[in-house]
Amino acid sequence: MAKQAKGGKKSSVKEDLNGRQKAAIFLVTLGSEISADIFKHLREDEIEALTFEIARLDAVNPEQRDMVLMEFQELMMAQDFITSGGIDYARELLEKSLGSQKAVDIINRLTSSLQTRPFDFIRRTDPAHLLNFIQQEHPQTIALILAYLEPNKASIILGQLPHEIQSDVARRIATMDRTTPEILREVERVLEKKLSTLSSEDYTQAGGVESIVEILNLVDRSTEKTIIESLEEDDPELAEEIKKRMFVFEDIVMLDDRAIQKVLREVDTNELAKALKAVDAEVQDKIFRNMSKRAAALLKEDMEFMGPTRRKDVEEAQQKIVSIIRKLEEQGEVVIARSGEEDVLV
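Because the structure is predicted, anything quoted here is derived from the model rather than measured.

On to the overall build of the protein, then. Along the backbone of the protein there are 20 helices and 2 strands. Out of the 346 residues belonging to the protein, those deemed buried represent 38%. Looking at the protein alone, contacts between residues at least 24 apart form 72% of all its contacts between residues at least 6 apart. As displayed, the protein has an accessible area near 20,500 Å², and 50% of this comes from carbon and sulfur atoms.

On to the nonpolar core, then. The biggest cluster of nonpolar side chains holds 36 residues, and the ones touching the most others in it are Leu146, Leu158, Ile212, Leu216 and Ile242. Counting residues per element, this core draws most heavily on helix 9 (residues 139-148), which supplies 7 residues. Leaving out residues up to four positions away in the same chain, Leu158 has contacts with Leu146, Gln166, Val169, Ile212, Ile215, Leu216, Val219, Thr223 and Ile227. Counting 28 residues, the second largest nonpolar core, distinct from the first, contains Leu255, Ile260, Leu264 and Val279.

All right, on to the pattern of salt bridges then. Oppositely charged side chains can pair when the atoms bearing their charge come close. The tally for this structure, following the rule as stated, stands at 10 salt bridges. A salt bridge links Asp168 to Arg172, with the shortest nitrogen-to-oxygen separation between them at 3.0 Å. Taken together, the positions of Asp168 and Arg172, both in helix 11 (residues 163-174) and 4 residues apart, correspond to about one turn of that helix. Accessibility classification places Asp168 together with Arg172 in one group, the buried group. Where Glu271 meets Lys274, a salt bridge forms, and the shortest distance between an N and an O atom there is 3.9 Å.

Compared with the 16 Å implied by 1.5 Å per residue over 12 residues, the 17 Å span of helix 2 (residues 19-30) between its first and last C-alpha is a close match. Just downstream of helix 2, Gly31 is the residue with a positive phi angle, here 100 degrees.

As a packed pair, helix 13 (residues 209-216) and helix 15 (residues 236-246) sit with axes 9 Å apart at the nearest point and diverge in direction by 60 degrees. As far as their axial angle goes, helix 15 and helix 13 are oblique. When you trace helix 13 past helix 15, the crossing you get is right-handed. Contacts between helix 13 and helix 15 pair Val209, Glu210, Ile212, Val213 and Leu216 from the former with Leu238, Glu241, Ile242, Arg245 and Met246 from the latter. By residue class, the composition of the contact of helix 13 with helix 15 is 7 nonpolar, no polar and 3 charged.

Considering the arrangement of structural elements, one finds Asn290 in the loop between helix 18 (281-289) and helix 19 (293-306). In this structure the side chain of Asn290 is engaged in a polar contact, spanning 3.0 Å, whose partner is the side chain of Gln261. Those residues within four positions of Asn290 in sequence are excluded, and the remaining contacts are Asp257, Ile260, Gln261 and Leu264.

This brings us to a negative patch on the surface. Taken together, Glu250, Asp280, Glu282 and Asp285 make up a surface patch of like negative charges. Here Glu282 is to be found in helix 18. The exposure class of Glu282 is exposed, given its relative accessible area of 53%.

Position of Ala239 relative to the elements: it lies in helix 15. When the C-alpha positions of Ala239 and Ala174 are compared, they lie 9.6 Å apart, and in sequence the two are 65 residues distant. In this view, Ala239 contacts Ile228, Leu231 and Glu232; residues no more than four positions away in its chain are not counted.

Relative to the helices and strands, Lys286 is located in helix 18. Lys286 gets classed as buried once you look at its relative accessible area, which sits at 13%. For the pair Lys286 and Met254, spaced 32 residues apart in sequence, the C-alpha to C-alpha distance is 9.8 Å. Leave out the neighbours within four places in its chain, and Lys286 touches Ile252, Val253, Leu255, Asp257 and Ile260.

Another point: the side chain of Gln318. Among the structural elements, Gln318 can be located in helix 20 (residues 311-330). Contacts of Gln318, omitting those with residues within four sequence positions, involve Phe249, Glu250, Ala275 and Val279.

For the rest of this paragraph, the subject is the confidence of the model for the protein. On average, the protein scores 76 in pLDDT, and the residues at 70 or more come to 79%. A low-confidence stretch, residues 194-203 stays under pLDDT 50, and its non-local contacts, those more than four residues away or across chains, total 23 contacts. Across residues 339-346, confidence stays below pLDDT 50; counting only partners more than four residues off in sequence or on other chains, it has 15 contacts.

At their nearest, the axes of helix 11 and helix 13 sit 7 Å apart, and the two run at 140 degrees to each other. Relative to helix 13, helix 11 is oriented oblique. Residues Ala170, Ile173 and Ala174 of helix 11 form the contact with helix 13, whose participating residues are Val209, Ser211, Ile212 and Ile215. Considering only residue class, the contact of helix 11 with helix 13 consists of 6 nonpolar, 1 polar and no charged.

With that out of the way, let us pick up the environment of His138. Tracing the backbone through its elements, the reader meets His138 in the loop between helix 8 (127-134) and helix 9. Separated by 31 residues in sequence, His138 and Val169 place their C-alpha atoms 9.2 Å apart. Only 2.9 Å separates the side chain of His138 from the backbone nitrogen of Gln140, close enough to count as a polar contact.

Quick notes on the rules
Residues numbered from 1 in each chain as written. Predicted model: local features only at pLDDT ≥ 70, side-chain atom pairs only at ≥ 80, totals over all residues. Heavy atoms only, no water. Helix = DSSP H or I, 4+ residues; strand = E, 2+ residues; numbered from the N terminus. Buried < 20%, exposed > 50% of the residue type's maximum accessible area, 1.4 Å probe, protein only. Contact = heavy atoms within 4.5 Å. Areas by Shrake-Rupley, 256 points an atom, 1.4 Å probe, with all protein chains shown as cover. Core = buried A, V, L, I, M, F, W, Y, C linked by side-chain atoms within 4.5 Å. Salt bridge = Lys/Arg side-chain N within 4 Å of Asp/Glu carboxyl O. Expected span 1.5 Å × (residues − 1). Axes fitted to C-alpha atoms, helices over the stretch in contact; angles between N-to-C directions. Parallel < 35°, antiparallel > 145°, perpendicular 65-115°, else oblique. Left-handed = near helix turned anticlockwise from the far one by under 90°. Nonpolar A, V, L, I, M, F, W, Y, C, P; charged D, E, K, R; others polar. Polar contact = N/O pair within 3.5 Å; in protein donor to acceptor, adjacent residues only side chain to side chain. Patch = residues over 30% accessible without salt bridge, like charges linked within 9 Å, V, L, I, M, F, W, Y side chains within 5 Å. Lys, Arg positive; Asp, Glu negative; His and termini not counted. Charge placed at Lys NZ, Arg CZ, Asp CG, Glu CD. pLDDT = per-residue confidence, 0-100.

Spelled out as structure tokens, the structure:
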């Protein structure tokens, strides 16, 4: 009898919680720091709704917490399967691990609100085949497609495009904002020959400076250099913005010791002290290890005596050092190891 009551209570808990309440419990479980990061990616109305639900929460019992975390894990697992192989693939794997009924429930929950991402039919295509498929298209069409691809695939295609259109495509990705569903449908129709109805009439967003930076960080260095140089001629401001984002001050940890020592010889000590004020211990330790004990001690004293420093001044100092690093790289004095590259010697 007691077991039946307990089972009934568990079922009731699951049925009584709506989506917002589950999200609130999930965020509370994660803690304030991670939840704050999640809020950065939500709309204002979503933040307000979740804040309201969190404020209304009483103590979260372990049963509720475990149920919400398990549901989240199952949904994320299903979403990963859908992304990598489609709905049928996801259903097959979920049936093997969770059983047929559970798999159907999870897939139905996801697909009831799942938005079909544009160009889904080409995201699982081999980049080499896709290159042959799109390289004769207009640069704007190519840019639109690459903006919706995973950066590693997009970088392969961008690196193999004819040199005369590479920078044009890169510029179009960087300056891309929002694309209407009508244009997306038309491009899909031309490429797939079968119109794929979008599940939502909302404008979709892809591209932008961050998108092209992520792609350029993955292409080979000669392609990157060619594109940046061409952009510097066509759109100097955009080229500078891209260059700023391709290497940030914290990326200095990617340099080997000899490279850092070369950089430090070019850097003003006062600027370095300001630049290190707002970075984590890993970055500071990397710098201190490449200085003499006396120089490191003096730098630490400068940082302590400097007192509170305006964020703007810190960022300007960091940017000056980044500019020095970029100049040394252009001169061949240092090499920045980027994602996917082997360790290199300076």
